[in-house]
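Residue-level structure breakdown
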Amino acid sequence: MGYAISKLLYFFSPSNCLDIEERTGFRLVRYNAGKDDILVLPSIINRSYILDLNKDVSVIQQFCRRRFGVYKIEWEYFHNEDVSLSDYINYIDTSMDKIPNRKVSIMGYCLGGILSLIYAFLHPEKVNKLILLATPIDFSIWFDPRIFFCTIIDSDYINLYSGSIPGSLPNAYGVYLLSLYLPLFMMHGDFIEEFLEYEYQRDIFRRITWITDAQSIPKSVYRTVIIDFYQKNNFIKGLVEINGEYIDLSKINIPLLNIIARYDHLIPYQSSNFLEKVYSGKYKEIVFPSSHIGLSVSKKAHNKLWPRVCDWLADQKKE
């Protein structure tokens with residue numbers, strides 16, 4: 001309901017739907033045609049319009065204005081209990097085959113960044129460049145509140161839900177973490193600068209709509225993320241198995257830009273930065289003085305961060 005209301009009331013960049021998968025509800029949309037294509041993978045929890053919140057604070061518009069071909073997958077679930085993490089990866093592959101260019105760049109936001117890394121390992125021949133936006137990698141920092149909650153969830157608790165997990169569950173913890181870290185972040189002038197921006201205050205109700213408009217998560221996917229990633233930390237151990245292959249981050253050799261928020265209430269810096277220690281391809285990191293959401297919606301980010309990101313996409317030599 002919230003998504004339908006937001007589509008009526010709020011700005012969204014013009015797009016057309018290229019594909020809808022009947023079993024899962026996943027769909028591929030295209031915003032712009034261009035010489036160099038980029039596929040955007042949102043998080044699997046909150047909806048994707050945080051990346052296209054308003055005309056002057058839209059990541060999608062940043063790419064369109066620079067003449068990239070812009071595509072995005074929307075994880076619209078039909079609450080099928082059989083949906084697995086492999087289904088996400090398989091639909092990314094289906095989408096890549098519908099994009100004209102032989103090699104496409106991928107940007108993954110939060111858990112969407114994990115999906116982009118998995119896909120790049122399985123299909124490196126199809127990926128030109130990678131961008132990670134506020135993406136967790138290492139979950140060994142169990143004592144950090146941003147990791148701790150997920151390490152104590154009992155798998156029996158997950159089984160209490162039938163079919164899917166309400167997105168309001170992880171979102172409620174996200175709101176709690178924001179209340180925990182906000183007083184600490186407010187001690188820093190550059191965070192206050194973002195907080196007091198006209199655009200940031202103007203769009204507050206749009207962000208509230210987005211936070212409360214969380215999608216349900218297939219139960220098997222939620223269990224995989226909680227147990228295999230957060231609790232066992234199998235992602236950095238090379239023990240996550242997708243389509244019969246174990247994902248080894250050290251074997252991905254694709255130019256990568258890792259964007260980390262300095263004031264992220266969900267993802268510790270050490271969790272995202274871990275990739276630098278194991279990545280074998282060309283690696284560039286930007287730690288930007290913004291928040292988890294502010295990376296996408298603050299005017300400061302759109303003035304100072306996203307032009308750099310677009311330059312990196314345009315200038316980085318293709319492999």
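Residues numbered from 1 in each chain as written. Predicted model: local features only at pLDDT ≥ 70, side-chain atom pairs only at ≥ 80, totals over all residues. Heavy atoms only, no water.

1. Describing the layout of surface pockets
Within this model, the largest pocket holds a volume of roughly 900 Å³. As for the largest pocket, its lining consists of 41 residues, and the residues nearest its centre are G174, V175, H265, L266 and H292. At the level of elements, α5 (145-151), α7 (168-185), α8 (189-195), α9 (198-202), α10 (204-212) and α11 (219-231) are the ones that each hand at least two residues to the lining of the largest pocket. Among the elements that make up the lining of the largest pocket, the one with the highest residue count is α7 (nine residues). (1 Å grid on protein atoms, 1.4 Å probe; cavity = no way out; pocket = protein on both sides within 12 Å on 5 of 7 lines; lining within 4 Å. Points joined across faces, edges and corners; volume = space filled by probe spheres on them. Helix = DSSP H or I, 4+ residues; strand = E, 2+ residues; numbered from the N terminus.)

2. Description of the environment of I20
On the secondary structure map, I20 appears in strand β1 (residues 16-20). Between the C-alpha atom of I20 and that of E76, which follows or precedes it by 56 residues, the distance is 9.4 Å. Ignoring anything within four residues of it in the chain, the contact list for I20 reads G25, F26, R27 and Y91. (Contact = heavy atoms within 4.5 Å.)

3. So, the pairing of β1
Sheet topology places β1 next to strand β2 (residues 27-32); four bridges connect them, and they run antiparallel. Each bridged residue has a counterpart across the sheet, and for I20 the counterpart in β2 is R27. Remark: six residues form the turn of the hairpin made by β1 and β2, two consecutive strands paired antiparallel; G25 in that turn has positive phi of roughly 90°. (Pairing = 2+ DSSP bridges.)

4. Here's the deal with helix α16 (residues 299-315)
The terminal C-alpha atoms of α16, which comprises 17 residues, lie 24 Å apart, in line with the 24 Å expected from a rise of 1.5 Å per residue. Taken residue by residue, α16 has K300, A301, H302, L305, W306, V309, C310, W312 and L313 as its buried positions. (Expected span 1.5 Å × (residues − 1). Buried < 20%, exposed > 50% of the residue type's maximum accessible area, 1.4 Å probe, protein only.)

5. As for the sheet that holds strand β11 (residues 256-263)
Two strands in a sheet stick together by hydrogen bonds in their backbones, pointing the same way (parallel) or opposite ways (antiparallel). Strand order in the open sheet formed by eight strands is β1-β2-β4-β3-β5-β6-β11-β12, and the pairing between neighbours is mixed. Edge positions in the open sheet fall to β1 and β12 (283-291), since each of these has one partner strand only. Here the strands of the sheet are splayed against their neighbours by 20° on average, with no regard to which way each runs. Pairing of β11 with β12 involves seven bridges; the strand directions are parallel. Residue pairing for β12: A261 is matched across the bridge by F288. (Axes fitted to C-alpha atoms, helices over the stretch in contact; angles between N-to-C directions.)

6. What about the confidence of the model for the chain?
When pLDDT is low, close inspection of the predicted coordinates is not appropriate. Looking at the chain, pLDDT values average 90 and 94% of them are 70 or higher. Helix α1 (residues 2-9) is the least confidently modelled element of the chain, averaging 51 in pLDDT, while strand β5 (residues 104-109) averages 98, the highest of any element. (pLDDT = per-residue confidence, 0-100.)

7. Some remarks on unusual backbone geometry
Phi is positive for C110, close to 55°, though the residue is something other than glycine. Relative to the elements of secondary structure, C110 occurs in the loop between β5 and α4 (111-122). A positive phi angle is found at N243, which is not glycine, with a value near 50°.

8. A closer look at the packing of aromatic side chains
A full pass over the atoms with the stated rule returns 21 aromatic pairs. Ring geometry for Y173 versus Y176: centroids 5.7 Å apart, planes at 35°, classification tilted. Residue Y173 and its partner Y176 are both found in helix α7; the two are separated by three residues, about one turn of the helix. Classification of Y173 by relative accessible area gives buried; the value is 16%. Since its relative accessible area comes to 45%, Y176 is described here as partly exposed. Seen from their ring centres, F191 and Y263 are 5.6 Å apart, and the 70° between their planes marks the pair as edge-to-face. Of this pair, F191 sits in helix α8 while Y263 sits in strand β11; the two residues are 72 residues apart in sequence, bridging distant segments of the chain. The two residues F191 and Y263 agree in class, both being buried. An aromatic cluster is built from Y181, F185, F191, F195, Y200 and Y263, whose rings are joined through pairwise contacts. Above the ring of Y200, the side-chain terminus of R207 is found at 3.8 Å from the ring centroid. (Phe/Tyr/Trp six-rings, centres within 6.5 Å; stacked < 30°, edge-to-face > 60°. Lys NZ or Arg CZ within 6 Å of the ring centre and 35° of its normal.)

9. Let's talk about the state of the cysteines
All told, the structure shown has zero disulfides when counted by the stated rule. No disulfide involves C110; its nearest neighbouring cysteine sulfur is the one of C150, lying 11 Å away. Looking at C110, the relative accessible area reads 10%, which means it is buried. C310 takes part in no disulfide bond, and the closest cysteine sulfur to it belongs to C64, at a distance of 9.9 Å. (Disulfide = S-S within 2.5 Å.)

10. Focus on the pattern of salt bridges
Oppositely charged side chains can pair when the atoms bearing their charge come close. Counted by the stated rule, this structure contains 14 salt bridges. D190 serves as the salt-bridge partner of R262, at 3.4 Å between the closest nitrogen and oxygen. Of the two residues, R262 sits in strand β11 while D190 sits in helix α8, which places them 72 residues apart along the sequence. In this structure D190 comes out as partly exposed when scored by relative accessible area, which is 21%. (Salt bridge = Lys/Arg side-chain N within 4 Å of Asp/Glu carboxyl O.)

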